[in-house]
Structure formats: structure tokens, C-alpha cells
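Now for the letters of each chain:
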Amino acid sequence: MSGLLDFTALELGSKIQAHEVTAIEALDAVFAQIDKREQKIHAYVTIDREAAYEQAKKVQAKIEQGLLTSPLAGVPVAIKDNMCTKGLLTTCSSKILENFIPPYTAEAVAKLEQAGAVIVGKTNMDEFAMGSTTETSAFGITRNPWNTDHVPGGSSGGSCAAVAANECFYALGSDTGGSIRQPSSFCGVTGMKPTYGTVSRYGLIAYGSSLDQIGPITKNTADCAAVLEVISGYDKKDSTSVARKSYDFTAALKNDVKGMKIGIPEEYIGEGLNEEVRTAILKAADVLKAQGAEVEYFHLDLVDYVIPAYYVIACAEASSNLARFDGVKYGYRAKDFEGLHQMYKKSRSEGFGAEVKRRIMLGSFVLSSGYYDAYYLKALRTKALIKQAFDQAFAKYDIILGPAAPTTAMKIGESLSDPIQMYLGDINTIAVNLAGLPGMSIPCGMDHNGLPIGVQLIADCFEEKKLIQAVYTYEQSRKEEA
Amino acid sequence: MIDNEMMEYIGILAKLELSEEEKDQAKADMQKMLNYIDQLNELDTSNVEPMSHIFPVTNVFREDVVTNGDEREAMLMNAPKQKNGQYQVAKTI
């Protein structure tokens with residue numbers, strides 16, 4: 001049955017609909033692979049085999065009765081552990097939530113379940129999605145399936161590693177500053193951060209609410225479009241949800257970029273970019289050019305200010321969002337304390353990891369009286385300018401092309417010591433969150449260590465279809481090449 | 001700029017209590033981050049409105065009707081301590 005694992009999610013889904021494979025057999029294949037690789041990779045925090053088989057049996061019965069016809073029905077999926085799943089442990093890879101069992105399911109996950117998805121388990125991540133390597137997890141690191149001495153990226157490192165190691169057929173991740181796109185690049189999978197407001201945040205444990213967005217992590221572009229089609233939609237339970245005109249993203253799977261205008265920001269391919277990454281990115285641009293796209297370089301304003309603005313805004317929102325963890329209603333409570341106030345303080349100090357505390361403190365500071373204007377409002381004004389810079393770029397181009405990260409996957413243990421150095425690795429992804437844009441990372445080559453390189457394509461808000469069409473065309477051309 | 005007194009104050013705001021060792025590290029990290037963030041002062045933003053949302057947002061209203069079921073047991077199950085169907089905390093008065 002191991003041949004099953006080579007199928008994409010849609011290929012498997014159509015085999016299941018054609019009664020050539022059952023949802024149970026698909027799950028058997030996934031668990032056999034997990035038994036083989038998970039000990040080394042550690043992509044998952046929680047796996048509930050019993051619940052997965054129960055779900056697979058229910059789904060299979062409905063398929064046989066003709067009640068479930070979704071192209072993803074019966075296909076095993078992995079969910080990042082910051083999305084609530086009713087009755088299934090949801091930890092955010094944090095000690096403070098080590099025993100949290102949600103009484104409800106996140107909207108994006110509920111939509112997958114309605115489409116007949118079978119949840120394999122919950123994937124490892126940087127604690128509260130704060131990190132770029134999955135090393136800040138309270139439950140141990142995840143290793144890159146391509147080379148286990150290297151990180152998978154983060155914060156959705158577990159989801160991306162699970163897809164890359166065939167320990168599921170696709171996964172959900174979340175992206176606040178690149179947390180889907182950067183690990184997708186490091187793990188050689190396809191990841192998309194949709195336009196802000198496209199996928200409901202209901203049930204997603206908040207980090208930076210104005211930036212957070214759930215998205216698909218898949219084996220190819222067709223799967224990505226199909227998953228997005230299922231999880232997207234207006235949701236009144238999310239006050240920033242946007243009612244869009246259409247959600248038929250798979251209609252954009254067209255092999256055609258003729259006349260499409262693609263801009264490459266000089267700032268994204270200049271100093272600080274690894275040479276092998278640069279070569280692979282520019283080669284990807286050449287492929288699109290050969291298919292009829294117009295490719296040119298341009299100057300994107302304000303790139304140097306993106307990271308400082310992001311960290312002020314994200315940490316400010318985090319300090320507010322994470323105030324709910326107080327040791328009263330759920331999660332960890334300290335053992336010894338005197339009085340209520342100390343109970344809060346000790347529970348939080350013992351329950352949160354170092355990076356989370358660092359960000360909560362920075363956030364509390366920039367929001368504090370006397371510093372609010374100088375830091376928080378300054379960052380929001382900078383965000384407005386960054387948005388303007390992208391508006392100007394998209395007045396000229398359909399797509400912006402660049403790397404998803406300045407390097408390939410770092411060695412384990414190399415990047416946590418200096419926070420600024422670590423944050424600088426997010427330079428290519430963060431602006432997309434600040435401006436609310438959709439962005440995708442897809443594989444475009446390998447470095448000399450056998451580690452994947454990802455190219456990132458970015459479109460204007462609500463232009464996912466353009467993005468999918470460009471990425472799909474690139475993918476088809478590469479297939480022909482090979 | 002970030003001295004011990006400021007770190008104490010941030011600890012109160014953030015409801016975090018750091019060990020002496022953690023405090024020194026946090027102070028150094030915070031100073032480093034703020035020096036880096038100070039780059040933003042190179043930008044003239046005097047005529048720019050702060051942008052909190054990318055798209056225009058309006059309040060979402062609905063009738064005050066309960067739509068989910070009674071999840072009391074499931075909610076309380078997650079509480080570190082509970083008594084008589086309620087959350088239990090340290091004595092405050």
C-alpha cells in the first residue's frame with residue numbers, strides 16, 4: 001500500500017470516489033509511514049489513531065452511500081496545533097496549554113470535516129507560532145525530512161514536515177509573518193497564505209490577530225487550490241472575515257501566463273541572499289518568461305522598515321491576546337503561590353517559554369503609556385506606508401516574485417541565540433502579512449546539501465486566482481522540463 | 001533606556017515574574033530590539049494616519065441568542081481547579 005503515499009490529495013480523493021481505495025486504507029498507509037519516520041522527524045504533537053479510524057469509517061460509509069462527494073473526502077490531513085479541535089488536545093506547543101481539550105472546533109477545520117477530511121493528528125509548531133524554526137516548541141524540535149540535521153522552518157514546521165515526509169496528504173498551517181511560506185520553502189512543499197479575511201480565524205488561537213491567516217500546505221498547486229476552496233468563506237463568527245465575490249479557486253488552474261506582468265524587487269535579490277537561492281529564484285522567473293510572462297526588476301520601497309514595524313505590531317497584539325492565559329479557566333496553574341496576583345504571574349512565568357515571554361514584554365512596553373505613540377502608532381503609520389508601496393507595485397505588476405527566505409533550512413540550534421538575526425530571516429515574507437496580501441511558496445530547486453529552495457509569488461489582495469494560475473503554469477513547465 | 005525599574009514595570013504590565021538571570025537576558029534583548037526598532041524614526045510619518053486594518057471594518061452585530069449547546073462540563077474540564085460547577089481561584093478577600 002506504500003504506493004498510495006505518492007498520490008496527491010486530489011489523486012487519492014478521486015481514487016476513493018472511484019472505490020479503488022478506501023479512506024481506511026489511506027489511513028493505514030499514513031500510519032505505516034508515521035511508524036517508519038515519525039520517531040526521527042517528530043512532526044506531530046498529538047496523534048489519536050482511534051479517533052482517526054473512527055472518522056475514516058464514518059466517512060467511508062458516507063462515500064459508499066453517495067453522501068460525500070467532495071474531492072477531499074477520505075483524504076488524511078494534519079492540523080497545526082494552534083487550531084482548536086473538539087475533544088482533541090490542542091497545545092499551541094506550549095506548556096501553558098499542555099492539557100487543553102477544546103470544547104469546539106475551529107471553523108476552517110470544521111469545514112474540512114464537513115468535506116470528509118480525516119484528521120491524522122496535530123502538528124508541532126513554534127510555541128504560540130512565535131519563531132521560524134519550530135525549535136521554540138515546548139514538546140521538542142521537529143526535523144527537516146530532507147536532512148534531519150536541519151530545521152523544517154517555522155512556525156508551521158510540523159505541518160510542512162508532515163507533508164514532506166508523506167505522514168499526511170496535506171496539512172493546515174497558519175501564517176502571521178511567513179509561518180506557512182518559509183517552512184514550505186524549507187521542506188519543499190507548496191504553501192499559501194491567503195488574503196487576510198479569506199479563511200475564518202474562529203478557533204485559531206490568536207497570536208497577532210491583524211496578521212494571522214490560516215492556509216493550505218500541500219504537495220502541489222492543484223491540491224492547494226482545492227483545499228483553499230474548502231476552508232475559505234465568510235464567517236460571521238470572525239469579525240474580520242471578508243465576504244468575497246467568489247471562492248472557486250480551482251477554476252484558476254490554467255496553464256497560461258501570457259502577458260502577465262511579473263516584478264522582481266531588487267531589494268529581495270540583493271545583499272544577504274544566499275547565492276544558490278538567488279540562482280534558483282531567477283531561473284524560476286526565466287521559466288515564467290519563457291511561457292510568455294513579462295518579467296522586470298523594480299524598486300520596492302521601505303523593505304528595511306518591514307521587520308521593525310512587524311515586531312512592534314505583532315508583539316503588541318500578542319501581549320494583549322496572551323493576557324487570557326491566567327491559570328484560571330484552562331491550561332497550566334503554578335503549584336505554589338500567595339494570592340491571586342501571584343498565581344497569575346507564576347502560572348504565566350512557568351507556563352510560557354523564553355521567546356513568548358520576550359514578545360509579550362516587548363508588546364507590553366510598546367503599548368504602555370508614554371511609549372504608545374512613539375512605538376505602536378509609529379509602527380501603524382509605517383504599515384500604512386508599506387501598504388502604499390505595494391499598491392504602487394501592483395498598479396504595475398500582476399505578480400511580485402522573490403525568495404520565500406534568504407537561505408535554505410538552517411542547521412538545528414544555529415539561529416536561536418540572537419533574536420535580531422532570527423527575525424531578519426523573515427525579511428521576504430513579513431511584508432505580505434502587513435499588507436494583507438496572498439502569497440505562495442513553491443519548490444524551485446535544491447541547494448548543494450540537498451535542501452529545497454522555494455520561490456515566493458505574491459499577488460494583490462483578493463487576487464488568489466492570478467497567483468494560482470501563475471504558480472500552476474510554473475509547475476507545469478517544470479514538469480515538462482523534467 | 002531600559003533599566004531595572006523599567007523591567008519591573010513591564011513585569012507588572014505583562015504579568016510575568018522573571019528570575020534574576022532571566023531578567024538580565026530580557027533587559028539586554030529588549031534594549032537590542034528597541035535599538036533596532038528605532039530605525040522607524042528615520043521615516044517621516046507626520047502626515048500618515050495609523051493603519052490598524054487593511055480593509056475597512058465595521059462592527060458585526062447579531063441577536064443575543066445562544067447558538068452553541070451547553071458546554072459547561074467540557075469547559076470546566078479544562079479548569080486547573082473547580083468546585084461546585086465553578087472555577088476555583090485563590091482567596092482574594
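Residues numbered from 1 in each chain as written. Chains lettered and ligands numbered in written order. Predicted model: local features only at pLDDT ≥ 70, side-chain atom pairs only at ≥ 80, totals over all residues. Heavy atoms only, no water.

## Digging into the overall build of chain B
Broken down by element type, chain B carries three helices and two strands. Since a compact globule built from 93 residues should have a radius of gyration of about 12 Å, the 22 Å found for chain B marks it as more spread out than a globular shape. Its C-alpha atoms give chain B principal-axis dimensions of roughly 55 × 45 × 25 Å. By the burial criterion, 28% of the 93 residues in chain B qualify as buried. As displayed, chain B offers around 7000 Å² of accessible surface, 49% of which is attributable to carbon and sulfur atoms. Charged side chains in chain B number 9 positive and 18 negative. The centres of these two groups are separated by 13 Å. (Helix = DSSP H or I, 4+ residues; strand = E, 2+ residues; numbered from the N terminus. Rg over C-alpha atoms; globule rule 2.2 N^0.38 Å. Buried < 20%, exposed > 50% of the residue type's maximum accessible area, 1.4 Å probe, protein only. Areas by Shrake-Rupley, 256 points an atom, 1.4 Å probe, with all protein chains shown as cover. Lys, Arg positive; Asp, Glu negative; His and termini not counted. Charge placed at Lys NZ, Arg CZ, Asp CG, Glu CD.)

## A look at the packing of helix 1 (residues 4-14) of chain B against helix 2 (residues 20-37) of chain B
Residue and element names in this part refer to chain B. Taken N-terminus to C-terminus, the directions of helix 1 and helix 2 make an angle of 100°; their axes are 11 Å apart at the nearest point. The pairing of helix 1 with helix 2 is recorded here as roughly perpendicular in orientation. Facing Asn4, Met7, Glu8 and Ile10 of helix 1, the residues of helix 2 in contact are Lys23, Ala26, Lys27 and Met30. (Axes fitted to C-alpha atoms, helices over the stretch in contact; angles between N-to-C directions. Parallel < 35°, antiparallel > 145°, perpendicular 65-115°, else oblique. Contact = heavy atoms within 4.5 Å.)

## So, the interface of chain B and chain A
Across the boundary between the two partners, chain B contributes 54 residues, which contact 69 residues of chain A. Roughly 5400 Å² of surface becomes buried between chain B and chain A when both sides are summed, with 71% attributable to carbon and sulfur atoms. Counting the contacts that link chain B with chain A gives three salt bridges. Here B:Glu22 and A:Lys357 are joined by a salt bridge, their closest N and O atoms 3.0 Å apart. At the boundary of chain B with chain A, the tally comes to 15 residue pairs in polar contact (both at pLDDT 80 or more). (Buried area = accessible area lost by both parts, 1.4 Å probe. Salt bridge = Lys/Arg side-chain N within 4 Å of Asp/Glu carboxyl O. Polar contact = N/O pair within 3.5 Å; in protein donor to acceptor, adjacent residues only side chain to side chain.)

## Regarding the packing of aromatic side chains
Residues and elements named next belong to chain A. Inspection of the entire model under this criterion finds 17 aromatic pairs over all chains. Summarising the aromatic geometry, the rings of phenylalanine 390 and phenylalanine 394 are spaced 6.3 Å apart at their centres and angled 25° between planes, so their arrangement reads as stacked. You can see phenylalanine 390 and its partner phenylalanine 394 sitting in helix 12 (residues 372-396), four residues apart, about one turn around the helix. One exposure class covers both phenylalanine 390 and phenylalanine 394, and it is buried. Here the aromatic cluster, defined as three or more aromatic residues joined through ring pairs, consists of Phe100, Phe128, Phe325, Tyr330 and Phe352. One cation-aromatic arrangement involves lysine 95 over tyrosine 332; the distance from NZ or CZ to the ring centre is 4.7 Å. The ring of tyrosine 330 carries the charged tip of lysine 329 above its face, separated from the ring centre by 5.5 Å. (Phe/Tyr/Trp six-rings, centres within 6.5 Å; stacked < 30°, edge-to-face > 60°. Lys NZ or Arg CZ within 6 Å of the ring centre and 35° of its normal.)

## A short note on helix 7 (residues 221-231) of chain A
Residues and elements named next belong to chain A. Across the 11 residues of helix 7, 10 count as buried, placing the element largely inside the fold. N-cap assignment for helix 7: the residue whose side-chain oxygen lies 3.3 Å from the backbone N of alanine 222 is asparagine 220. Two residues or fewer after helix 7 comes glycine 233, characterised by a positive phi angle close to 140°.

## Some points on the sheet that holds strand 10 (residues 439-446) of chain A
Residues and elements named next belong to chain A. Within the open sheet, the 11 strands sit side by side as 1-3-2-4-6-5-10-11-9-7-8. Their pairing is mixed. Two strands lie at the open edges of the sheet, namely strand 1 (44-47) and strand 8 (294-298), each paired on one side alone. Pairs of neighbouring strands in the sheet enclose a mean axial angle of 25°, with direction left out of account. One ladder, built from two bridges, connects strand 7 (residues 261-265) with strand 9 (residues 399-403); its direction is parallel. Pairing of isoleucine 262 across the sheet is with isoleucine 399, part of strand 9. Packing of helix 2 (residues 23-41) onto the sheet brings it into contact with strand 1, strand 2 (76-80) and strand 3 (118-123), and relative to strand 3 it is tilted by some 25°. Set on the sheet, helix 8 (residues 275-290) makes contact with strand 7, strand 8, strand 9, strand 10 and strand 11 (452-459); between it and strand 11 the angle comes to about 50°. (Pairing = 2+ DSSP bridges.)

## As for the pattern of salt bridges
Residue and element names in this part refer to chain A. One pass over the structure, following the stated rule, counts 21 salt bridges over all chains. For lysine 237, the salt bridge identified is with glutamate 107, shortest N-O distance 2.9 Å. Here lysine 237 is found in the loop between helix 7 and strand 7, whereas its partner glutamate 107 is found in helix 4 (residues 107-114), with 130 residues between them in sequence. Judged by relative accessible area, glutamate 107 falls into the buried class, the value being 17%.

## Focus on the confidence of the model for chain B
Predicted confidence across chain B gives a mean pLDDT of 91, with 100% of residues reaching 70 or more. Confidence metrics for the complex model read pTM 0.97 and ipTM 0.95. (pLDDT = per-residue confidence, 0-100.)

## Here we look at the environment of A:Val227
Residue and element names in this part refer to chain A. Relative to the helices and strands, valine 227 is located in helix 7. Separated by 218 residues in sequence, valine 227 and alanine 9 have C-alpha atoms that sit 9.1 Å apart. Among all residues touching valine 227, those that are not within four sequence positions of it are Leu72, Tyr170, Leu172, Pro216 and Thr218.

## Digging into the pairing of strand 11 of chain A
Residue and element names in this part refer to chain A. Counting buried residues along strand 11, eight of its eight residues qualify, which places the element largely inside the surrounding structure. Two strands pair when backbone bridges link them, and strand 10 and strand 11 are joined in this way by seven bridges, in the antiparallel orientation. By the bridge assignment for strand 11, proline 443 is matched with glycine 454.

## Let's talk about the side chain of A:Glu464
Looking at the element boundaries, A:Glu464 is found in helix 15 (residues 464-481). Sequence-distant contacts of A:Glu464, that is, excluding residues within four places in its chain, are made with A:Met192, A:Pro194, A:Thr195, A:Thr198, A:Leu228, A:Arg244, A:Phe249 and A:Pro438.

## What about the packing of helix 9 (residues 303-321) of chain A against helix 2 of chain B?
Put simply, helix 9 of chain A and helix 2 of chain B touch, their axes get as near as 9 Å, and they point 125° apart. In this view, helix 9 of chain A runs oblique relative to helix 2 of chain B, as classed from their interaxial angle. The residues of helix 2 of chain B that touch helix 9 of chain A, namely those facing A:Ile307, A:Pro308, A:Tyr311 and A:Val312, are B:Met33, B:Tyr36 and B:Ile37. Grouping the amino acids of the contact of helix 9 of chain A with helix 2 of chain B by side-chain chemistry returns seven nonpolar, no polar and no charged. (Nonpolar A, V, L, I, M, F, W, Y, C, P; charged D, E, K, R; others polar.)

## Observations regarding the environment of A:Val189
Residues and elements named next belong to chain A. Structurally, the position occupied by valine 189 is in the loop between helix 6 (181-187) and strand 5 (190-193). Classification of valine 189 as buried rests on a relative accessible area of 4%. Taking the C-alpha atoms as reference points, valine 189 and isoleucine 442, separated by 253 residues in sequence, lie 6.2 Å from one another. Setting aside residues up to four positions removed in sequence, valine 189 forms contacts with Cys160, Val163, Ala164, Ser184, Ile217, Thr218, Ser441, Ile442 and Pro443.

## A look at unusual backbone geometry
Cis geometry marks the peptide bond from A:Gly154 to A:Ser155; its omega dihedral reads 10°. Among the structural elements, A:Ser155 can be located in the loop between strand 3 and helix 5 (157-164).

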